[in-house]
Amino acid sequence: MKRTLIALGTLAFFSTAFAQQPHAHSAEAEADFDSKPQAAAEAKKNNRQPGAVRIKDGGTARGEGSAVPAPSKTEKAGEARAEAREAKPHSVPKPGATPK
C-alpha cells in the first residue's frame, strides 16, 4: 500500500511537471503568420474599398448602430407604395367631422 501511494504521488508530481512544459507545436506558443490562409486574409483586407464603416453596436433592430443602414427590398417597395398613395389626389378630412 505504501509503495502504491508513493508511486501515485511520484506520478502526480511528474505529470504536473510535464503539463507545465512549453510545447513547440501549440498555437499559443508561436503563431503561424506565413500560412496560405493568413496570406489570403491579408490580401482580402488590403483590397477592401474604403467607405462608411457600419458600427454593430445594436442601436437598431438589425444592429447597424450609428452608420447609415442600407434599405432592404421590402422597405424600398413599402416606400414606393406610400409615395404612390400620397401622389393620388385625396381630400384631407376636416377636424371634428367624419370622413366620407
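Residues numbered from 1 in each chain as written. Predicted model: local features only at pLDDT ≥ 70, side-chain atom pairs only at ≥ 80, totals over all residues. Heavy atoms only, no water.

Draft legend 1. A look at the overall build of the chain. Scanning the chain from N- to C-terminus turns up three helices and zero strands. Each helix and strand of the chain, ordered N terminal to C terminal, gives the series α-α-α. By residue count, 5% of the 100 residues in the chain fall in the buried class. For the chain, the exposed area adds up to about 9,800 Å²; of that, 60% sits on carbon and sulfur atoms. (Helix = DSSP H or I, 4+ residues; strand = E, 2+ residues; numbered from the N terminus. Buried < 20%, exposed > 50% of the residue type's maximum accessible area, 1.4 Å probe, protein only. Areas by Shrake-Rupley, 256 points an atom, 1.4 Å probe, with all protein chains shown as cover.)

Draft legend 2. The arrangement of helix α3 (residues 73-87) in detail. Its 15 residues place the ends of α3 21 Å apart at the C-alpha level, agreeing with the 21 Å of an ideal helix rising 1.5 Å per residue. Little of α3 sits out of view: just zero of its 15 residues are buried. (Expected span 1.5 Å × (residues − 1).)

Draft legend 3. A look at the confidence of the model for the chain. The share of residues in the chain with pLDDT of 70 or more is 62%, and the mean pLDDT across the chain is 75. Per-element confidence in the chain is highest for α3, whose mean pLDDT is 92, and lowest for helix α1 (residues 2-19), whose mean pLDDT is 79. (pLDDT = per-residue confidence, 0-100.)

Draft legend 4. Structural context of a nonpolar patch on the surface. Taken together, M1, L5, L8 and L11 make up a surface patch of nonpolar side chains, about 500 Å² in accessible area. Looking at where L11 falls in the secondary structure, it is placed in helix α1. Taking the relative accessible area as the measure of exposure, L11 reaches 55% and is therefore exposed. (Patch = residues over 30% accessible without salt bridge, like charges linked within 9 Å, V, L, I, M, F, W, Y side chains within 5 Å. Salt bridge = Lys/Arg side-chain N within 4 Å of Asp/Glu carboxyl O.)

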